[in-house]
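The lines below spell out each chain.
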Amino acid sequence: MLTIRLAFRNIMGAGLRTWLNIIVLALVLVMIIWVQGLIDGMREYMITAEINANLGGGQFWHRDYDPYDPLSYEESHAPPSPALQELITRGEATPILVAPAAIYPEGRMQSALLKGIDPTQEIISIPGRVLEAQDGDAIPALIGAQMAKQTKLGVGDYVTVRWRDANGTFDADDVRIVEIMHTPVPSIDVGQIWIPIERLRIMLQTPGEASLLLLRKGIPEIPEGGDAWVHRSLDYLLKDILEIIRFRLVTSRIIYGLLLFMGLLAIFDTQVLSVWRRRKEIGTLMALGMERDRVTGLFTFEGALHGILAVALGTVIGIPVLYYTFATGLPVPEMMSDFGVAIPQRLYPSYGIPLIVGTALVVLVSVTVVSFLPVSRITKLKPTDALRGGRS
Amino acid sequence: MDDRPLITTHDLVKQYPAGGGFFTALNKVNLSIQRGEFTGIVGPSGSGKTTLLNIIGALDYPSSGSTLVIGTDTQELDHRMSARLRNEHIGFIFQTYNLLPVYNVYENVEFPLLLLGMNADERDRAVMQALEWVGLTDKVRSRPNQLSGGESQRVAVARAMVKKPELVLADEPTANLDAENSHNILRMMVRFNEELRTTFVFATHDEKVIAYIRRKITLNDGMVVEDRETKPAIH
């Protein structure tokens with residue numbers, strides 16, 4: 001108790017030096033939580049957006065389907081097994097048919113991916129209902145905003161598509177762009193043309209077939225897919241995104257470390273100065289009967305108290321600042337939409353209790369350790385040397 | 001009444017490493033100081049006065065020989081027990097006052113009592129009494145940097161006396177004070193010595209202090225060259 005009282009008196013008595021340290025540490029604490037919250041918010045958004053717009057609650061893939069090998073697409077389609085067909089009938093799965101194609105916007109050839117989807121499906125958030133619109137024989141097509149930008153296509157435009165059917169025969173037709181969807185998820189946008197699955201089945205001569213099935217989130221039981229179909233869990237499907245996130249986490253850890261280092265440097269500097277400049281005081285404390293260990297404890301606690309007060313001040317500063325950014329979000333520059341992952345227009349940070357409490361604890365523990373390092377020299381200090389104010 | 005000496009040193013030697021050999025700061029010092037004495041250890045700079053005071057105060061250890069302070073052999077004390085001996089029985093007064101800079105006058109005087117674990121009421125009474133003794137009750141909230149040299153040393157005296165120790169060790173207590181403040185401080189110490197029977201041991205070469213002491217132990221090159229009763233010139 002005495003140590004706490006004395007430490008409090010000492011650091012309050014140090015005036016401006018104490019407050020500068022506390023302010024720096026409090027700002028570091030708030031900055032760490034803010035930056036980490038933004039990264040957590042981004043991570044949550046990327047995963048949620050990818051699940052909602054692209055992945056569903058997991059997928060079944062045709063055994064030959066490999067999203068990284070376009071040459072596999074032509075061979076990787078089959079009718080769903082009876083168990084999977086049952087899921088489709090119950091609305092717990094929806095088929096997607098994938099075919100490589102070439103399009104000719106403004107007379108230039110570009111490769112694209114034709115994706116057939118059931119316009120009535122509600123498993124992913126693609127606005128497939130627009131594909132129900134019919135205008136003569138033209139195939140209705142839905143593209144994303146980035147695809148529209150790359151191909152300079154707009155709503156109502158026709159573009160020629162060439163594909164190869166299941167028999168290897170090339171064919172071509174015009175598709176009419178009925179909608180441009182604004183999605184933050186590039187994996188359903190870039191290089192892709194969504195058309196009704198029944199039209200694509202006719203085009204490919206693959207009646208009733210699919211390349212993959214999207215499952216509704218939270219379906220109670222995943223059936224066996226049979227020989228032709230392989231179940232891909234969400235963990236598997238998110239692997240690439242989690243890898244990107246992991247890479248970004250390394251960056252965030254470096255920022256975290258740098259911010260913490262700045263704060264700790266201020267404390268370390270103060271403690272080194274304290275032990276150096278307050279030697280005579282240390283000697284006086286010993287002469288007055290304070291045990292050496294207790295002096296060490298006092299000085300260490302003084303340092304740790306900076307951390308405790310910084311957490312208190314950080315709470316006062318942090319609550320309004322963090323709440324404001326949590327409530328309003330931060331605008332994300334448009335150029336970031338080219339990064340290849342789901343990027344929102346406004347980024348809302350995510351501040352979890354573990355992040356806040358964990359960061360506060362990390363700051364407190366680090367400050368205490370950093371405070372102790374220079375102070376530990378006191379244990380080797382002779383009272384007579386300390387009283388002289390000289391080196392030990 | 002306990003007639004045993006308060007301080008006894010026997011063949012006390014203190015050497016410091018210097019160059020390839022040793023510098024002998026104290027050389028076979030034998031002393032005996034009774035309770036209630038008002039003693040000055042005098043001698044030129046480097047004669048070993050402060051070293052002797054530090055060893056008596058358990059702030060330092062002798063190289064050989066022994067020191068008995070208040071019945072305790074200080075060589076047998078570890079640093080915890082030394083701290084306890086200083087806390088419970090010894091008051092220190094330093095040349096440069098050594099007040100704790102962030103504490104006010106009251107808190108500086110209160111500090112030894114906090115270490116003793118005294119309760120708040122007793123502490124308050126003792127602090128106010130000590131400040132009354134030294135005439136600083138109007139400065140309780142002042143910080144050391146707001147005090148004159150004389151006032152600072154009076155706070156240091158109050159801090160040394162607040163726990164009513166058996167022994168006060170004063171190292172050049174008047175070296176930074178003018179004549180008037182020096183006499184005030186010394187008269188105060190004489191009063192404590194007479195009224196509370198506190199033993200005072202000074203390390204000094206200040207004639208003003210020497211004028212008050214009743215026993216003069218002269219050190220030269222770490223050896224006691226003279227030890228005699230004196231009649232205080234000023235009382």
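Please read these numbers as outputs of a predicted model, since none were measured by experiment.

Conventions we followed
Counting of residues starts from 1 at the beginning of each chain's written sequence and follows it residue by residue. Lettering of chains starts at A and numbering of ligands starts at 1, both following the order in which they are written. Owing to the predicted nature of the model, reporting of local features is limited to residues with pLDDT of at least 70; listing and counting of side-chain atom pairs is limited to 80 or more, with chain, interface and lining totals taken over all residues. The basis for the side-chain values is all heavy atoms of the structure; hydrogens and waters are excluded. Each helix is a run of H or I in the DSSP string that is no shorter than four residues. Each strand is a run of E no shorter than two, and both are numbered from the N terminus. It is over C-alpha atoms that the radius of gyration is taken, and the globule rule equals 2.2 Å times the number of residues to the power 0.38. Note on exposure labels: buried denotes an accessible area under 20% of the residue type's maximum, exposed denotes more than 50%, and partly exposed covers the range between, all computed with a 1.4 Å probe on protein chains only. Throughout, a residue-residue contact means that at least one pair of heavy atoms, one from each residue, lies within 4.5 Å. For every accessible area listed, the method is Shrake-Rupley and the probe measures 1.4 Å; residues are considered covered only by the protein chains on display. The charged-residue count follows a simple rule in which Lys and Arg add positive charge and Asp and Glu add negative charge, with His and chain termini not counted at all. In this description, the location of a charge corresponds to atom NZ of lysine, CZ of arginine, CG of aspartate or CD of glutamate. A 1.4 Å probe defines the accessible area here, and the buried area is the portion of it lost by two parts on being joined, summed over both. For this analysis, a salt bridge means a side-chain nitrogen from Lys or Arg found within 4 Å of a carboxyl oxygen belonging to Asp or Glu. We define a polar contact as two N or O atoms separated by no more than 3.5 Å, with the added condition that, inside protein, one atom must be a possible hydrogen donor and the other a possible acceptor, whereas residues neighbouring each other in sequence contribute only through side-chain atom pairs. Note on residue categories: nonpolar means Ala, Val, Leu, Ile, Met, Phe, Trp, Tyr, Cys or Pro, charged means Asp, Glu, Lys or Arg, and polar means any other residue, Gly included. Each domain's limits were defined by an automated method or a database of domain assignments. Only residues whose relative accessible area exceeds 30% and that form no salt bridge are eligible for patches; like-charged ones are grouped when within 9 Å, while nonpolar side chains (Val, Leu, Ile, Met, Phe, Trp, Tyr) are grouped when within 5 Å. The aromatic pairing rule takes the rings of Phe, Tyr and Trp, using the six-membered ring of Trp, and pairs them if the centres are within 6.5 Å, calling planes under 30 degrees apart stacked, those over 60 edge-to-face and the rest tilted. For a helix, the expected span equals 1.5 Å multiplied by the number of residues minus one. Should DSSP find at least two bridges between two strands, the strands are regarded as paired. Axis definition: a line fitted to C-alpha atoms, over the contacting stretch in the case of helices. Angles run 0 to 180 degrees between N-to-C directions. In this scheme, roughly parallel covers angles under 35 degrees and roughly antiparallel covers those over 145, while 65 to 115 is roughly perpendicular and the rest are oblique. Two helices cross in a left-handed way if the nearer one is turned anticlockwise from the farther one by less than a right angle. They cross in a right-handed way if the turn is clockwise.

**As for the overall build of chain B**
Assigned secondary structure in chain B consists of 7 helices and 10 strands. Relative to the compact-globule value of 18 Å for 235 residues, chain B shows a C-alpha radius of gyration of 17 Å, a close match. By residue count, 56% of the 235 residues in chain B fall in the buried class. Long-range pairs, those at least 24 residues apart, make up 69% of the contacts in chain B between residues at least 6 apart in sequence. Accessible area for chain B stands at about 9800 Å²; split by element, carbon and sulfur atoms hold 46% of it. Of the side-chain charges in chain B, 26 are positive and 30 negative, and the distance between the mean point of each set is 1 Å.

**Looking at the overall build of chain A**
From N to C terminus, chain A includes 11 helices and 11 strands. Rg of the C-alpha trace for chain A: 31 Å, well past the compact-globule value of 21 Å for 392 residues, more than 25% over. Along the first, second and third principal axes, the C-alpha atoms of chain A reach 100 × 45 × 30 Å. The burial tally for chain A puts 51% of its 392 residues in the buried class. A total accessible area of about 18400 Å² is found for chain A, and carbon and sulfur atoms account for 61% of it. Averaging the coordinates of the 35 positive side-chain charges in chain A and doing the same for the 39 negative ones gives two points 21 Å apart.

**With respect to the interface of chain B and chain A**
Contact residues are listed per partner, giving 24 residues for chain B and 24 residues for chain A. Here chain B meets chain A over a buried area of about 2300 Å², counting both sides, of which 60% is carbon and sulfur. One can count 4 salt bridges joining chain B with chain A. At the junction of chain B and chain A, the tally comes to 6 residue pairs in polar contact (both at pLDDT 80 or more). Of all the elements in the fold, those that place two or more residues in the side of chain B that touches chain A are helix 2 (79-89) and helix 3 (105-116) of chain B. Within the side of chain B that touches chain A, the residues separate by chemical class into 11 nonpolar, 5 polar and 8 charged.

**Here's the deal with the environment of Val275 of chain A**
Residue and element names in this part refer to chain A. Its place among the elements puts Val275 in helix 7 (residues 239-277). Residue Val275 is classed as buried on the basis of its relative accessible area of 4%. C-alpha of Val275 to C-alpha of Phe299: the two residues are 24 residues apart in sequence and 8.3 Å apart in space. In contact with Val275, not counting residues within four places along its chain, are Ile282, Pro374, Val375 and Ile378.

**Quick word on the domain arrangement of chain A**
Quite often, the size of an interface is put as the accessible area lost when its parts meet. All names here are of chain A. The domain architecture assigned to chain A consists of domain 1 (2-52 + 241-388) and domain 2 (59-232). Placing the centre of domain 1 and that of domain 2 at their C-alpha centroids yields a distance of 51 Å. Contacts between domain 1 and domain 2 engage 11 residues on the former and 9 residues on the latter. A combined buried area of about 720 Å² lies between domain 1 and domain 2, and 45% of that area is made up of carbon and sulfur atoms. Linking domain 1 with domain 2 are 0 salt bridges. Where domain 1 touches domain 2, the interface holds 3 residue pairs in polar contact (both at pLDDT 80 or more).

**Looking at the side chain of Thr183 of chain A**
Residue and element names in this part refer to chain A. With respect to the helices, strands and loops of the structure, Thr183 is situated in the loop between strand 6 (170-181) and strand 7 (192-196). Here the side chain of Thr183 touches Val185 through a polar contact of 3.1 Å, landing on its backbone nitrogen. With residues up to four places along the chain from it excluded, the contact list for Thr183 reads Ile188 and Asp189.

**Focus on a negative patch on the surface**
The grouping of Asp137, Asp171, Asp173 and Asp174 of chain A at the surface amounts to a negative patch. Mapped onto the elements, Asp173 of chain A comes out in strand 6.

**Considerations on the packing of aromatic side chains**
All names here are of chain B. Under the counting rule described, the total for this entry stands at 11 aromatic pairs over all chains. Residues Phe38 and Phe202 carry aromatic rings whose centres are separated by 5.1 Å and whose planes lie at 70 degrees to one another, so their mutual orientation is edge-to-face. Of this pair, Phe38 sits in strand 3 (residues 38-42) while Phe202 sits in strand 8 (residues 199-204), placing them 164 residues apart in sequence. Ring plane angle 15 degrees and centroid distance 6.0 Å describe the contact between Phe200 and Phe202, whose orientation is recorded as stacked. In this structure, Phe200 and Phe202 share a single accessibility class: buried.

**Looking at helix 1 (residues 2-13) of chain A**
If you check helix 1 of chain A, its first and last C-alpha atoms are 16 Å apart, about what 12 residues at 1.5 Å a residue would give, namely 16 Å. Looking only at helix 1 of chain A, the buried set comprises Leu2, Leu6, Ala7, Arg9, Asn10 and Ile11 of chain A. Elements in contact with the buried residues of helix 1 of chain A: helix 2 (16-55), helix 8 (279-287) and helix 9 (292-328) of chain A together with helix 3 of chain B. Where helix 1 of chain A terminates, the next one or two residues include Gly15 of chain A, which has phi positive at roughly 60 degrees.

**A word on unusual backbone geometry**
Residues and elements named next belong to chain A. Within the chain, Glu106 stands out as a residue other than glycine whose phi angle is a positive 50 degrees. By secondary structure assignment, the location of Glu106 is in the loop between strand 2 (93-103) and strand 3 (110-117). Using a relative accessible area of 57% as the deciding quantity, one classes Glu106 as exposed.

**Examining the sheet that holds strand 8 of chain B**
Residues and elements named next belong to chain B. Overall, mixed pairing links the 6 strands, which are arranged 6-7-8-3-9-10 in an open sheet. At either end of the open sheet lies a strand with only one pairing partner, and these are strand 6 (90-93) and strand 10 (223-229). Neighbour to neighbour, the strand axes of the sheet diverge by 15 degrees on average, direction disregarded. Across 5 bridges, strand 7 (residues 167-171) lies against strand 8 in parallel orientation. Considered in strand 8, the bridge of Val168 is made with Phe200. Docked against the sheet, helix 1 (residues 49-56) engages strand 3, strand 6, strand 7, strand 8 and strand 9 (215-220), running at close to 155 degrees with respect to strand 7. Contacting strand 6 and strand 7, helix 2 crosses the sheet at an angle of about 85 degrees to strand 6.

**Quick word on the pairing of strand 6 of chain B**
Residue and element names in this part refer to chain B. Burial along strand 6 is two-sided: the residues Ile90 and Phe92 and Gly91 and Ile93 are all buried. Of the strand pairs in this sheet, strand 6 and strand 7 are connected by 4 bridges, and their pairing is parallel. Note on strand 7: the bridge partner recorded for Phe92 is Leu169.

**Focus: the environment of Lys115 of chain A**
All names here are of chain A. Tracing the chain through its elements places Lys115 in strand 3. It is 8.8 Å that separates the C-alpha atoms of Lys115 and Pro100, two residues lying 15 residues apart in sequence. If we ignore the near neighbours within four places in the chain, the residues touching Lys115 are Leu97, Val98, Ser187, Gln192, Ile193, Trp194, Ile195 and Leu200.

**Comments concerning the packing of helix 5 (residues 149-161) of chain B against helix 6 (residues 179-196) of chain B**
Residues and elements named next belong to chain B. At a minimum axis distance of 10 Å, the contact between helix 5 and helix 6 shows a crossing angle of 15 degrees. It follows from the interaxial angle that helix 5 and helix 6 lie roughly parallel. Here helix 5 and helix 6 pass one another in a crossing that is right-handed. From helix 5, Gly150, Gln153, Arg154, Val157 and Met161 reach across to helix 6, where they touch Asn181, Ile185, Met188, Met189, Phe192 and Leu196.

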